[in-house]
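Descriptive analysis of the structure
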Amino acid sequence: MALADPVRRRILQRLGASESRVTDVAAEFSISLNSVSKHIRLLERARLIERNVSGREHILRFRPEPLSEVQQWIAAQQAFWASRLQAIDDLLTAEDAANEIPPRKEKKRV
């Protein structure tokens, strides 16, 4: 859900290049600071960004670790389903081979 919105993806892309203040991130969008802040809070809840407060400045930093966790989960799912599909394919191939009718031998005419 956190990556579903293009604004949040752009925020992550921006923070992937370097840390940035909230106001600097918000300046790149044609939506209100309040709207950008809502997107940022959602990304914080998803643990994709981290906020460091220093006085009045809020510095945001991208955290790629949750994406690595998701990538590992997806890879495990792909491996599981690939093995299951291969097992089905092997079963169907064996079934087809067992049901194959051997070709008839032609009688020689004399």
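Note that this is a predicted model, so its numbers are computed, not measured. (Residues numbered from 1 in each chain as written. Predicted model: local features only at pLDDT ≥ 70, side-chain atom pairs only at ≥ 80, totals over all residues. Heavy atoms only, no water.)

**Focus on the packing of aromatic side chains**
Using the following cut-off: When two rings of Phe, Tyr or Trp (its six-membered ring) have centres within 6.5 Å they constitute a pair, described as stacked for plane angles under 30 degrees, edge-to-face for angles over 60, and tilted for the intermediate range.
The tally for this structure, following the rule as stated, stands at 1 aromatic pair. Ring geometry for Phe80 versus Trp81: centroids 4.9 Å apart, planes at 80 degrees, classification edge-to-face.

**Considerations on the pairing of strand E3 (residues 57-62)**
It is a general feature of regular strands that their side chains alternate between the two faces of the sheet. Defined as follows: For two strands to be treated as a pair, DSSP must find at least two bridges joining them. In DSSP terms, a helix is any run of H or I states spanning at least four residues, a strand is any run of E spanning at least two, and both are numbered starting from the N terminus.
In this sheet, E3 lies alongside strand E1 (residues 20-21) in antiparallel orientation, the contact comprising 2 bridges. Among the inter-strand pairings, Arg21 is bridged to a residue of E3, identified as Ile59. Of the pairings in the sheet, the one linking strand E2 (residues 49-54) to E3 comprises 6 bridges and is antiparallel in character. When the sheet's bridge partners are listed, Ser54 is paired in E3 with Glu57. Counting the residues between successive antiparallel strands, the hairpin from E2 to E3 contains 2 residues, one of them, Gly55, with a positive phi of roughly 65 degrees.

**Description of a nonpolar patch on the surface**
Under the convention used in this document: The patches reported here contain residues having more than 30% relative accessible area and no salt bridge. Joining distances are 9 Å for like charges and 5 Å for nonpolar side chains (Val, Leu, Ile, Met, Phe, Trp, Tyr). Using a 1.4 Å probe, the Shrake-Rupley method yields the accessible areas, and only the shown protein chains count as cover for residues. Salt bridges are defined as contacts in which a side-chain nitrogen from Lys or Arg sits within 4 Å of a carboxyl oxygen from Asp or Glu.
Together, Val70, Trp73 and Ile74 make up an exposed nonpolar region whose accessible area comes to about 310 Å². Here Val70 is to be found in helix H4 (residues 65-99).

**Considering the sheet that holds E1**
Heads up, the rule is: Residue contacts follow a heavy-atom distance rule, with two residues in contact if any of their heavy atoms lie within 4.5 Å. Angles shown run from 0 to 180 degrees and are taken between the N-to-C directions of axes, each axis being a line fitted to C-alpha atoms and, for helices, limited to the stretch in contact.
Read from one edge of the open sheet, 3 strands run E1-E3-E2, paired in antiparallel fashion. One side of each edge strand has no neighbouring strand; the edge strands of this open sheet are E1 and E2. With respect to the sheet, helix H1 (residues 6-17) is in contact with E1, E2 and E3, its orientation differing from that of E3 by roughly 90 degrees. Sheet strands touched by helix H3 (residues 33-45): E2 and E3. Its angle to E2, the strand with the most contacts, is close to 115 degrees.

**Some points on the domain arrangement of the protein**
The following threshold applies: Bear in mind that the domain bounds are from an automatic or database domain assignment. Using a 1.4 Å probe, buried area is obtained as the accessible area two parts lose upon being combined, added over both of them. Here a polar contact means two N or O atoms within 3.5 Å. Within protein one must be a hydrogen donor candidate and the other an acceptor candidate, and residues neighboring in sequence count only if both atoms are side-chain atoms. In this count, Pro and Cys sit with the nonpolar residues alongside Ala, Val, Leu, Ile, Met, Phe, Trp and Tyr, while Asp, Glu, Lys and Arg are called charged and the others, Gly among them, polar.
The assigned domain composition of the protein is domain 1 (6-62) and domain 2 (64-98). Just the C-alpha atoms count here: the centres of domain 1 and domain 2 sit 37 Å apart. Here domain 1 meets domain 2 over a buried area of about 410 Å², counting both sides, of which 66% is carbon and sulfur. Among the residues of domain 1 in contact with domain 2, Arg47, Leu48 and Phe62 are the three that bury the most area, contributing 89% of the side total. Taken together, the connections running from domain 1 to domain 2 amount to 1 salt bridge. Of the charged contacts, one joins Arg47 and Glu69 as a salt bridge, the two residues approaching to 3.3 Å between their closest N and O atoms. At the boundary of domain 1 and domain 2, one finds 1 residue pair in polar contact (both at pLDDT 80 or more). A breakdown of the residues in the side of domain 1 that touches domain 2 according to their chemical character gives 3 nonpolar, no polar and 1 charged.

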